[in-house]
Amino acid sequence: MNNIFQFYIVKIHKHTFGRDDATEVSYSCKNILNEIIEQNNLSKDSIFNYSSLFKKSKLKEEDKNVFIQSVYVLAHINVKVLEQRFHYLDNTGCWEEMDLENIFQSYKENEFYNPITHEKINEKKFNDIVLPYFCPTDELVSLLKGVKQ
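Chains are numbered independently. Their residues run from 1 in the order of the written sequence. Selection of residues for local features in this predicted model requires a pLDDT of at least 70, selection of side-chain atom pairs for listing and counting requires 80 or more, and totals for whole chains, interfaces and linings are taken over all residues. Derived side-chain values reflect all non-hydrogen atoms in the structure, with water molecules and hydrogen atoms excluded from consideration.

1. Things to note about a nonpolar patch on the surface
Reasoning step 1: Nonpolar side chains collect at one region of the surface, where L89, W95 and L131 lie side by side and expose about 270 Å² of accessible area between them.
Reasoning step 2: Under the DSSP-based scheme used, a helix requires at least four consecutive residues in state H or I and a strand at least two consecutive residues in state E, with every element numbered from the N terminus. By secondary structure assignment, the location of W95 is in strand β2 (residues 95–98).
Reasoning step 3: A relative accessible area of 46% places W95 in the partly exposed class. Each patch is assembled from residues with relative accessible area greater than 30% and no salt bridge, linking like charges that lie within 9 Å and nonpolar side chains (Val, Leu, Ile, Met, Phe, Trp, Tyr) that lie within 5 Å. Here the Shrake-Rupley method, with its probe set to 1.4 Å, supplies the accessible areas, and only the displayed protein chains count as covering residues. When a carboxyl oxygen of Asp or Glu is within 4 Å of a side-chain nitrogen of Lys or Arg, the pair counts as a salt bridge. Under the scheme applied here, a residue whose accessible area is under 20% of the maximum for its type counts as buried, over 50% as exposed, and between as partly exposed, the area being computed with a 1.4 Å probe on protein chains only.

The structure is reproduced here in structure tokens:
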């Protein structure tokens, strides 16, 4: 697992090189990555929200901006530790996945609709209904599966 950790650390360092906050972001990314890699039964179905990732980052409350940057580094296409997704709770109490293209269009056009009622709503209400979450990438799950076999 150490090789997998080092594989992603190299990607993180390449992506954060030259940033003013590179040291802090790298520290947070390493902590999150280590906690995820060490997790038992990690699968494509594993879900992390901002709160659980913040705990893994080992940052202080006043470091929220560093934390947010860390999460987006880990989800960046050149790093590929996490994949960001969105979902909402439907009328039956089940989580429903939101299409990323719909999310992108909503923000691009600044037009937001309730995914349940299809009524036009403001951005704040949309953000209260549609929640982001993260899961490990196929690449990470595959690498870890290869080590554990």
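2. Comments concerning helix α4 (residues 64–74)
Structurally, the α-helix is built with 3.6 residues per turn, so residues lying three or four positions apart point the same way.
Reasoning step 1: Listed in full, the buried residues belonging to α4 are V66, F67, S70, V71, V73 and L74. The buried side chains of α4 occupy one side of the element, clustering within an arc of 160° when seen end-on.
Reasoning step 2: Throughout, a contact is declared for two residues whenever any of their heavy atoms are within 4.5 Å. Against α1 (2–16), α2 (22–38), α3 (50–57), β1 (82–89) and β5 (131–136) lie the buried residues of α4. This arc corresponds to the set of directions leading from the helix axis out to the C-beta atoms.

3. Some remarks on the sheet that holds β5
Reasoning step 1: Overall, antiparallel pairing links the three strands, which are arranged β2-β1-β5 in an open sheet. Strand pairing shows two members of the sheet lacking a second neighbour, β2 and β5, which therefore form its edges. Strand-to-strand, the axes of this sheet are offset by a mean angle of 45°, without reference to chain direction.
Reasoning step 2: When DSSP finds two or more bridges between two strands, those strands count as paired. Relative to β2, β1 runs antiparallel, the two sharing four bridges. Residue pairing across strands places Y88 opposite E96, the latter belonging to β2. Angles run from 0 to 180 degrees between N-to-C directions of axes, and those axes are lines fitted to C-alpha atoms, restricted for helices to the stretch in contact.

4. Quick notes on the packing of α2 against α4
Reasoning step 1: As a packed pair, α2 and α4 sit with axes 9 Å apart at the nearest point and diverge in direction by 60°. Two packed elements cross with a definite hand, and for α2 against α4 that hand is right-handed. Residues E24, V25, S28, C29 and I32 of α2 lie in contact with α4, whose contacting residues are V66, F67, Q69, S70, V73 and L74.
Reasoning step 2: Polar here means any residue outside two lists: the nonpolar Ala, Val, Leu, Ile, Met, Phe, Trp, Tyr, Cys and Pro, and the charged Asp, Glu, Lys and Arg; Gly therefore counts as polar. Split by residue class, the contact of α2 with α4 holds seven nonpolar, three polar and one charged. Note on convention: near helix rotated counterclockwise from far helix by under a right angle means a left-handed crossing. Clockwise means right-handed.

5. Here's the deal with the packing of aromatic side chains
Reasoning step 1: Only rings of Phe, Tyr and Trp enter the pairing, Trp through its six-membered ring, and a pair is recorded when the two centres are within 6.5 Å. The plane angle decides the type: under 30 degrees is stacked, over 60 is edge-to-face, the rest tilted. Inspection of the entire model under this criterion finds seven aromatic pairs.
Reasoning step 2: With a centroid separation of 5.1 Å and 90° between ring planes, the pair formed by F54 and F67 is classed as edge-to-face. Remark: F67 occurs in helix α4 and F54 occurs in helix α3; sequence separation between them is 13 residues. For the pair F54 and F67, one class covers both residues: buried.
Reasoning step 3: Taken together through their ring pairs, the aromatic side chains of Y50, F54, F67 and F134 make up a single cluster.

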